[in-house]
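# An overview of the molecular structure
Letter by letter, the chains look like this.
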Amino acid sequence: MPEPANDVRASFLSVKDAAAYLGISPHTLYVWRHRRQGPPSFRLGPRGRVMYRRTTLDAWICEQECADSRSNPALSPLSTPPQRRDLAG
């Protein structure tokens, strides 16, 4: 059975670890945070380290997949019938 301290460490990721988890650079996460984009983060502890919850990262990834027309057929422009323009207007 894993120790609770290890579970907590695995649940919260630093910027460096979150970036590795997402396959992007830590700089990208800092830029997204500054622009209020990307996955939600928070400050933790007396030094205010920026942290990410692993479950929140997973949920954010899922949201990105659902919002992408290549992964979500309901959003694909190819699934809607073509619209005719009224040229007599």
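These notes cover the structure that comes with them. Here the structure is a predicted model, which is why all the values come from computation and not from measurement. (Residues numbered from 1 in each chain as written. Predicted model: local features only at pLDDT ≥ 70, side-chain atom pairs only at ≥ 80, totals over all residues. Heavy atoms only, no water.)

### Topic: the overall build of the chain
How we decide: Only DSSP runs of H or I with at least four residues qualify as helices, and only runs of E with at least two residues qualify as strands; both kinds are numbered from the N terminus onward. Only protein chains enter the accessibility calculation, which uses a 1.4 Å probe; a residue is then buried when its area is under 20% of its type maximum, exposed when over 50%, and partly exposed in between. Any two residues whose heavy atoms approach within 4.5 Å at even a single point are treated as in contact.
Secondary structure summary: the chain contains four helices and three strands in total. Reading the secondary structure of the chain in the N-to-C direction produces α-β-α-α-β-β-α. Residues counted as buried form 18% of the 89 residues belonging to the chain. Considering only residue pairs separated by 6 or more positions, the chain has 37% of its internal contacts joining residues 24 or more positions apart.

### Notes on the environment of R54
Summarising the element assignment, R54 is placed in helix α4 (residues 54-67). For R54, a relative accessible area of 28% corresponds to the partly exposed category. Sequence-wise, R54 and S11 are 43 residues apart; in three dimensions their C-alpha atoms are separated by 5.3 Å. Leave out the neighbours within four places in its chain, and R54 touches A10, S11, L13 and Y21.

### A look at the environment of D17
Checked against the element boundaries, D17 lands in helix α2 (residues 15-22). Looking at D17, the relative accessible area reads 42%, which means it is partly exposed.

### Regarding the nonpolar core
How we decide: Buried Ala, Val, Leu, Ile, Met, Phe, Trp, Tyr and Cys residues that are joined via side-chain atoms within 4.5 Å together make up what is termed a nonpolar core.
Core analysis: the largest hydrophobic core is formed by ten residues, namely L13, V15, A18, A19, L22, L29, V50, Y52, L57 and W60. Elements with a minimum of two residues in this core: α2, β3 (49-53) and α4. With four residues, α2 is the single largest residue contributor to this core. Here L57 is in contact with L13, A18, Y21, L22, P39 and Y52, once residues within four sequence places are set aside.

### As for the packing of aromatic side chains
For clarity, the threshold we go by: Here is the rule: rings of Phe, Tyr and Trp (six-membered ring for Trp) pair when centre to centre is within 6.5 Å. Planes less than 30 degrees apart are stacked, more than 60 are edge-to-face, and the remainder are tilted.
This structure, assessed with the given rule, holds two aromatic pairs. On the basis of an interplanar angle of 80 degrees and a centroid distance of 6.0 Å, the ring pair of F12 and F42 is categorised as edge-to-face. Pair noted here: F12 is in strand β1 (residues 12-14) and F42 is in strand β2 (residues 42-44), with a separation of 30 residues, a long-range link. What makes F42 partly exposed here is its relative accessible area of 26%. Where W32 meets W60, the ring centres are 5.5 Å apart and the plane angle is 50 degrees; that geometry is what we call tilted. On the criterion of sequence distance, the pair formed by W32 in helix α3 (residues 26-34) and W60 in helix α4 is long-range, its members being 28 residues apart. With a relative accessible area of 22%, W32 lands in the partly exposed category.

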